[in-house]
Amino acid sequence: MNLSSCADTRNDEAVANSPTRENVENSVAGRWNFVSKVSPLIAGCFLPIANTFSICSLCQAWRLRTGDGTSTPIANPAWLIAINAIGLACGLVSNLVLFLQFGSCLPFTLAQTAATIGCFLTSLILIATVIYAALERRHGSTNFGFTQAYYYAVEAAGLYFLVSLNIAFLLYGAKRKYYQKELSIGKTERKLLLQQVLMMTYLLIGAVIFAQIENWLFLDGVFWADFTILTIGLGGEYSPQTSLGRLLFIPYALGGVIIVGIEINSISGLLEKAKRKMRSHLLKRKAIAMAYRIRSGGKLAKNVKPRRLPNESRDEHEYKVMRRLQKTSSRQSRWIGLGFSVMGTFGLWLGGAAIFQASESVQSWTYIISIYFAFGALLTVGYGDFLPTTPSSKSFFVLWTLFAIPILTITIANSADTTLREAEELLLLVGSWTILPEGKQVKKMVRTLSMHPDHTELPEEDISSGEHGMPSTGYEVHAGEKSALRNIKRDLNFYQHLIPKEICKVLEHRKSSPAKEYNYQEWQYFMQLIREEQNFGSKEGIGSLDQPSIWLSDKSPLLSDNESEWVLDGLAGILRKRHRSEGSRNENNTQEERADALDVRIELIR
């Protein structure tokens, strides 16, 4: 990259990040909008896990007296059990209240406040009791240890605290009016939260059933159910030994795999939606910076790609520039999403290995062994040559796998998608020079070499005007020319025939996969119908250079995820405006006008 291109890039970034009041307000609004979308999902996904771990902490004594190769549980005081049960009740109520608010069944402020207080109170209770148990052991005999229940209490306390902070942050944003208090999440998000509750419930039910059948401790049953439904399959001493257990294992494992698969699919869908929003955000910023470069003139405008052709209008040139920005923003968003998922996977892998090494010091695990074990568990290989045996490593393994396995699955999917997209673009690039319909370079060369010296090649026919979106009503639109569409009469024929006909065409475009992308001539036609732009095809586009065209503005139709949807909304808006104007007519309308309006409605119904 040369120095001039580096300078242009820095100038673009400076424009996009200039500390104007509008940019600052948009940046703050964008961040809080992100918070309003992500915070409910974090709270809704973490809270069921926290409640599950809180249940696990109540199912067994927290301390053990060890010695002579044996361990004897020390019963928890009655007050400790009672206060932790109260905390669990607060957590369950908070989860219920949060879900009711997400479904718009409770007021936002009431539900969020109650959930924040409930989660924070539960975390304080668990933190206090955990500290009490740790101090009591410290002042007692050295032959004491902690059970899995104690470590589940520690993990639950941390999760409750994170959820309470998350909800409080969400409540603060609503109080500052960064978003509406009537906050509700979409259907996909609600399904994900319900799937998380279903998964945790399924895990506990399996633990209860198989602990009874196989004569395990309940928390060992939780450990087994976790690595079973996540298809890790560690084996070892925790595998069904009875005939009934082996028979029930088949439907239980199958059901668990289905639930996990559905949940991962929902997470992937949400992340794909997040990538589309990130792509739109990047594209908008790049468009603003590019519009500034074009308006500024000089070297900045000269280095804009693609270059403006001699007979090309500025409007058409900016359309092509926006198309190029679409491709770069799409690629950038894919790589950013892949980068975040890879960092998350490596963080969980290497960080989890460090914790496993510390918790399995009794087995003398080195960091290499811990990395080996963690990677095998992430890939759900499960050789079974190394197994967590200590209470702390078992409880951490359950927490770790609930986050690590879905994240790794998403990372693999993102890697495959990004690699396939890059390979597809490379093949299209090669094909454009060889055999694809768009490839004309090699074809021209072959025709030139094969032609007779006296033969003159005829110019190629311009097929761009034959796209489906172009009108069949006699209005031909060409770049750089005055269009006959400017003088279209918006009469009964326009509303009764032309607009419904174009709506039917766009409805067919909406079904196409990949999504339909309209060329410049098609956009000229649709924009003139919708009247979003009145100066298409002029030599300078829209007035002076100080005014960018619609393509490089925040209202650009190319910012939409589906161009057919944008056109369809615009065409439908024409009919809605027509009906509103009809509804507001005076009672003194003539009989003929009323009959014409009735004919329009009948045609629309058809």
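Reading guide: rules and limits
Residues numbered from 1 in each chain as written. Predicted model: local features only at pLDDT ≥ 70, side-chain atom pairs only at ≥ 80, totals over all residues. Heavy atoms only, no water. Pairing = 2+ DSSP bridges. Helix = DSSP H or I, 4+ residues; strand = E, 2+ residues; numbered from the N terminus. Axes fitted to C-alpha atoms, helices over the stretch in contact; angles between N-to-C directions. Salt bridge = Lys/Arg side-chain N within 4 Å of Asp/Glu carboxyl O. Buried < 20%, exposed > 50% of the residue type's maximum accessible area, 1.4 Å probe, protein only. Phe/Tyr/Trp six-rings, centres within 6.5 Å; stacked < 30°, edge-to-face > 60°. Lys NZ or Arg CZ within 6 Å of the ring centre and 35° of its normal. Parallel < 35°, antiparallel > 145°, perpendicular 65-115°, else oblique. Left-handed = near helix turned anticlockwise from the far one by under 90°. Contact = heavy atoms within 4.5 Å. Nonpolar A, V, L, I, M, F, W, Y, C, P; charged D, E, K, R; others polar. pLDDT = per-residue confidence, 0-100. Expected span 1.5 Å × (residues − 1). Disulfide = S-S within 2.5 Å.

**As for the sheet that holds strand β1 (residues 63-67)**
So, point 1. Judged by pairing direction, the sheet is antiparallel, and its three strands sit side by side in the order β2-β1-β3 without closing on themselves. At either margin of the open sheet sits one strand with a lone partner, and together these are β2 (70-74) and β3 (144-146). Across the sheet, the mean angle from the axis of one strand to that of its neighbour is 35°, orientation sign disregarded.
So, point 2. As judged from the three bridges shared by β1 and β3, these two strands associate in the antiparallel manner. Bridge assignment links L64 to a residue of β3, and that residue is G145.

**With respect to the pattern of salt bridges**
So, point 1. Evaluated as defined, the whole model comprises nine salt bridges.
So, point 2. A salt bridge links R510 to E565; the shortest N-O distance between them is 3.3 Å. Of this pair, R510 sits in helix α14 (residues 492-510) while E565 sits in helix α16 (residues 563-583); the two residues are 55 residues apart in sequence, bridging distant segments of the chain.
So, point 3. Judged by relative accessible area, which is 38%, R510 ranks as partly exposed.
So, point 4. In this structure, E522 and K516 form a salt bridge, with 4.0 Å as the shortest nitrogen-oxygen distance. The same class applies to E522 and to K516, which are both buried.
So, point 5. Several salt bridges share partner residues, and in doing so they unite R323, E517 and E563 into one network.

**Re the packing of aromatic side chains**
So, point 1. Counting across every chain of the model gives 37 aromatic pairs.
So, point 2. Each ring, one from F223 and one from F397, has its centre 5.5 Å from the other, and the planes form 65°; the classification is edge-to-face. Placement of F223 in helix α7 (residues 218-229) and of F397 in helix α12 (residues 391-432) is noted, with a sequence separation of 174 residues between them.
So, point 3. The exposure class assigned to F397 is buried, which follows from its relative accessible area of 0%.
So, point 4. Ring centres of Y518 and W523 lie 5.7 Å apart, and the angle between their planes is 80°; this geometry places the pair in the edge-to-face category. Like W523, Y518 is buried.
So, point 5. The residue whose ring lies beneath K394 is F223, and the NZ or CZ to ring-centre distance is 5.9 Å.

**Details of the packing of helix α6 (residues 187-214) against α7**
So, point 1. With their axes 8 Å apart at the nearest point, α6 and α7 run at an angle of 125° to one another. With respect to α7, the axis of α6 lies oblique. The chirality of how α6 crosses α7 is right-handed. In this structure, α6 uses M199, Y202, L203, L204, A207, V208, F210 and A211 to contact α7, whose residues at the interface are F218, G221, V222, W224, A225, D226 and I229.
So, point 2. Here the contact of α6 with α7 is composed, by residue class, of 13 nonpolar, one polar and one charged.

**Side note on the confidence of the model for the chain**
The predicted coordinates ought not to be read in detail in places where the model reports low pLDDT.
So, point 1. Taken as a whole, the chain shows an average pLDDT of 77; of its residues, 74% reach a score of 70 or greater.
So, point 2. The spread of mean pLDDT over the elements of the chain runs between helix α1 (residues 3-16), the lowest at 45, and α7, the highest at 93.
So, point 3. Low pLDDT, under 50, characterises residues 1-21; the stretch is placed with 16 contacts to residues that sit more than four places away or in other chains.

**Describing helix α3 (residues 78-102)**
So, point 1. Taking 1.5 Å of rise per residue, 25 residues should cover 36 Å, and α3 covers 36 Å from first to last C-alpha, within 8% of that figure.
So, point 2. Every buried residue of α3 is accounted for by L80, N84, G87, L88, C90, G91, S94, N95, V97, L98, Q101 and F102.
So, point 3. Just downstream of α3 lies S104, where phi reads positive at about 60°.

**What about the state of the cysteines?**
So, point 1. Scanning the entire structure with this criterion turns up zero disulfides.
So, point 2. Here C90 stays free of any disulfide, with the sulfur of C119 as its closest cysteine sulfur at 9.3 Å.
So, point 3. For C119, a relative accessible area of 0% translates into the label buried.

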